[in-house]
Amino acid sequence: MSIKINLISLKGSLLGRLRQKGQTLKKYLPIIITVLVLVIGLAIGKRIAFLSNQSINIPKPADLPTTITLPIDSSLTPLKQSIGQFNPQLPDPLMPEFNDSITLED
Amino acid sequence: MIAKLISFLFIILLSTSSIQATSPQSDYEYQLTQYRKHNTEFKVLKEDNQKNPTLDNQQKALQAAKQTIISRDTTKIVYIEVILSSIRSQNPTQGYILQTESELISAQEFYKNQIILAKNIVNVEDLTKFTKEYLATQPPYQTEIIKSLATNKLAILIRLQTDIKNAYDDLLPKISDKTLTPVSAGLDKITQLADNINNKILSSINIIKSSEVTTSSKSSFYSKQTENLSQIKTLQVELVNILVDLEKNYVN
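Cut-offs and rules
Residues numbered from 1 in each chain as written. Chains lettered and ligands numbered in written order. Predicted model: local features only at pLDDT ≥ 70, side-chain atom pairs only at ≥ 80, totals over all residues. Helix = DSSP H or I, 4+ residues; strand = E, 2+ residues; numbered from the N terminus. Buried ≥ 20, exposed ≤ 12 C-beta atoms within 10 Å, placed from the backbone. pLDDT = per-residue confidence, 0-100. Contact = placed C-beta atoms within 7 Å. Domains from an automatic or database assignment. Nonpolar A, V, L, I, M, F, W, Y, C, P; charged D, E, K, R; others polar. Expected span 1.5 Å × (residues − 1). Core = buried A, V, L, I, M, F, W, Y, C linked by C-beta atoms within 7 Å.

Participant: Honestly, the overall build of chain A in this entry has me stumped. Any pointers?
Facilitator: Scanning chain A from N- to C-terminus turns up two helices and zero strands. Looking at chain A residue by residue over its 106 residues, the buried ones come to 5%.

Participant: Just checking my understanding: could you explain the confidence of the model for chain B for this structure?
Facilitator: Segments scoring low in pLDDT should not have their predicted coordinates read at a detailed level. Considering every residue of chain B, the mean pLDDT works out to 90; 92% of them sit at 70 or more. Confidence over residues 12–19 of chain B falls short of pLDDT 50; this stretch has zero contacts with residues more than four positions distant or in other chains.

Participant: How should the domain arrangement of chain B be read in this particular structure?
Facilitator: It is common to give the size of an interface as the accessible area that goes away when the parts come together. All names here are of chain B. By domain assignment, chain B separates into domain 1 (24–137) and domain 2 (147–250). A straight line from the C-alpha centre of domain 1 to that of domain 2 covers 37 Å. With ten residues of domain 1 in contact, the opposing surface of domain 2 contributes ten residues. Residue assignment for the side of domain 1 that touches domain 2 shows that the elements contributing at least two residues are α3 (55–88) and α4 (95–119). If one sorts the elements of the side of domain 1 that touches domain 2 by residue count, α4 sits on top with four residues. Looking at the side of domain 1 that touches domain 2, its residues break down into six nonpolar, four polar and no charged.

Participant: Would you take a moment to explain the interface of chain B and chain A for this structure?
Facilitator: Contact with chain B, which involves 42 residues of that partner, is made by 24 residues of chain A. Within the residue set of the side of chain B that touches chain A, elements represented by two or more residues are α2 (24–51), α3, α5 (124–137), α6 (139–171) and α8 (218–250) of chain B. Here the side of chain B that touches chain A takes 13 residues from α8(B), the largest share from any one element. Here the residues of the side of chain B that touches chain A are counted per class, giving 24 nonpolar, eleven polar and seven charged.

Participant: How should the confidence of the model for chain A be read in this particular structure?
Facilitator: Predicted confidence across chain A gives a mean pLDDT of 74, with 62% of residues reaching 70 or more. Scored below 50 in pLDDT, residues 55–70 of chain A shows zero contacts in the model against residues more than four places distant or in partner chains.

Participant: Would you explain unusual backbone geometry in this entry?
Facilitator: Leave glycine aside and you will find that most residues have negative phi; peptide bonds, for their part, are mostly trans. Here the residue pair L90(A) and P91(A) is connected by a cis peptide bond, since its omega of 0° sits within 30 degrees of zero. By the secondary structure assignment, P91(A) is in the segment after α2 (77–85). Of note, the bond from D92(A) into P93(A) is cis; its omega dihedral lies within 30 degrees of zero at 0°. Tracing the backbone shows P93(A) in the segment after α2. Phi at N91(B) is positive, roughly 50°, even though this residue is not glycine.

Participant: Any chance you could explain α2(B) here in plain terms?
Facilitator: Residues lying three or four places apart along an α-helix face the same way, a consequence of the helix completing one turn every 3.6 residues. Residue and element names in this part refer to chain B. Taking 1.5 Å per residue as the helical rise, α2 with its 28 residues ought to reach 40 Å, and the 40 Å between its terminal C-alpha atoms agrees with that figure. Turning to α2, its buried residues number three or more, namely Y28, Q31, Y35, H38, N39, F42, L45, K46 and N49. Elements in contact with the buried residues of α2: α3.

Participant: Explain the nonpolar core here, please?
Facilitator: As a rule of thumb, nonpolar side chains are buried together in soluble globular proteins. Residue and element names in this part refer to chain B. Ranked by internal contacts, the top residues of the largest apolar core, which has 37 residues, are I80, A107, L157, V240 and L243. Those elements that place two or more of their residues in this core are α3, α4, α6, α7 (181–210) and α8. Counting residues domain by domain, this core receives three or more from each of domain 1 (24–137) and domain 2 (147–250). Once residues lying within four places of it in the same chain are set aside, the contact partners of A107 are I80, Y141, E144 and I145.

So this is what it looks like as structure tokens:
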């Protein structure tokens, strides 16, 4: 009878401990998840950085067109451009046809 | 509290209006849109009045006519302002161009007076009389506007010619050996082209001055002037090309 009681009390205490541990785990679970997310995020970030660094080192194909900035070859270039931009076309600005004969009669 | 709020709003309004300062060109585009809107409305109301001549329809058409006249002449004033601002930006000193400037100001005054007169129209007879006088007195101002478009282009070419002269004066002392055949030939050609350009500018001014342009003959005036302006431009390009060549090859 006493053994039976002891077993029951042992079982009860074990369950209690487990419950206690579960509660503790539940308490720290958000912290653990946060740390895990941070670690995984850092790992992914590191991988992306590695890959992007690698892509910079890819050599350009030889026939890839490159932008060439033409130097201003003469101090007279702006003047030459101003003359080139001059528009001799008349009328400028275009003059619209106005209704100058406003009456109520025909 | 309310007074403070109103003054605050007033300050905000003032500051935003000063930020949104418009150019003559955008002003002109806005006024032209307004004029076209008013003119379309007037045509509809005039037709309504002709189909169904009631006192109410007549008043509506009369009000629309007044609004169209005011809008039309405001557009003309702003159009002149576009030409004036372009001429002024060239800093002209030549007598004829300065004279054009003052004639354009007179034209603006004429249209301002027409707006004042239009505001006093109260009946159909007033409107008829106004339009009759308008058609009789407007032509000299219209001619001036047509001519000023060519003068404005000439003002730009004169300014460019002054810039070319300054570039030449700047370049000449830098040429080490002026006795070299290509250099002396280039300098001779420059003098010849400069004379040619000056003569063409002067003859263009004389043609513009003496032209009796009317609204019906304006197309031929424009095409003749466009041809003259193109020729001057071609000569200027040729002149600058020689200057560029001298600068590239004979300046140390």
